[in-house]
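Spelled out from the first residue to the last, the chains are:
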Amino acid sequence: MAKQLKWKEYDYKVQVGPGNSWLYRPLLEIEISSKNESTRLPLLAMIDSGTDSTVLHIDLAHRLRIDLSSCQKVKLGGIGTTFGYLSTIQLTVSSLNVSMDIPVMFAENLPLQGLLGQRHFFQRFKIRFEKDKNKFYLAAV
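Residues numbered from 1 in each chain as written. Predicted model: local features only at pLDDT ≥ 70, side-chain atom pairs only at ≥ 80, totals over all residues. Heavy atoms only, no water.

(A) Expanded view of the nonpolar core. Ranked by size, the top nonpolar core spans 32 residues in total, and within it L28, I30, I32, V93, F106, F121 and F125 carry the most contacts. Within the residue set of this core, elements represented by two or more residues are β4 (27–34), β5 (41–47), α1 (58–63), β8 (82–93), β9 (98–107), β11 (125–130) and β12 (135–140). The element that contributes the greatest number of residues to this core is β9, accounting for 5 residues. Non-local contacts of F121, meaning those with residues more than four positions away in its chain, are made with L28, I47, T54, L91, V93, M100, I102, L116 and I127. Formed by 10 residues, the second largest nonpolar core is a distinct cluster that contains L27, L76, A107 and L112. (Core = buried A, V, L, I, M, F, W, Y, C linked by side-chain atoms within 4.5 Å. Buried < 20%, exposed > 50% of the residue type's maximum accessible area, 1.4 Å probe, protein only. Helix = DSSP H or I, 4+ residues; strand = E, 2+ residues; numbered from the N terminus. Contact = heavy atoms within 4.5 Å.)

Given below as structure tokens:
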């Protein structure tokens, strides 16, 4: 018998975009913490099906006291190329009562605090986008 999914509904959040336009984005409230620190940081991260891995702004690594010199330096592709630092953190989606250890890349020049990508995040959640209604839905798997 298949597991019955419990979907949670979220509203797209409005942000100011280029030319002062309004952008509606699937932003999710999460918390992150490092393995070595008890500091928990709340942030808004965008669920991004076009991103392979989870990428967080490098400022968050500094706030979590992650020693980037001990992290593997990795190349991030996409639109342009940049470098980031690979580390494992704990990511919590409180609204679904889910915590998980997840490898992330910390990078500069991100336009958001974080991007939740296909590898690892999408494997842990079923995700449904309904852009026409400015709603998205998550269910833990």
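(B) Main features of the sheet that holds β12. Sheet architecture is open: 3 strands sit in the order β1-β12-β11, paired in antiparallel fashion. Edge positions in the sheet fall to β1 (8–11) and β11, since each of these pairs with one other strand and no more. Strand after strand, the sheet turns through a mean of 25 degrees between neighbouring axes, direction not considered. Bridge count between β11 and β12: 6 bridges; the pairing is antiparallel. Across the sheet, R128 pairs through a bridge with Y137, a residue of β12. (Pairing = 2+ DSSP bridges. Axes fitted to C-alpha atoms, helices over the stretch in contact; angles between N-to-C directions.)

(C) Structural context of the pairing of β8. Examined bridge by bridge, β4 and β8 share 4 bridges and lie antiparallel to one another. Within β8, the position partnered with E31 by the bridge is T92. Note: strand β7 (residues 72–76) against β8, 5 bridges, orientation antiparallel. When the bridges of β8 are listed, V74 appears paired with G84. In terms of strand pairing, β8 meets β9 through 10 bridges, oriented antiparallel. Residue pairing across strands places L91 opposite M100, the latter belonging to β9. In textbook terms, the turn of a hairpin is the stretch between consecutive antiparallel strands, and for β8 and β9 this stretch comprises 4 residues, one of which, N97, has a positive phi near 55 degrees.

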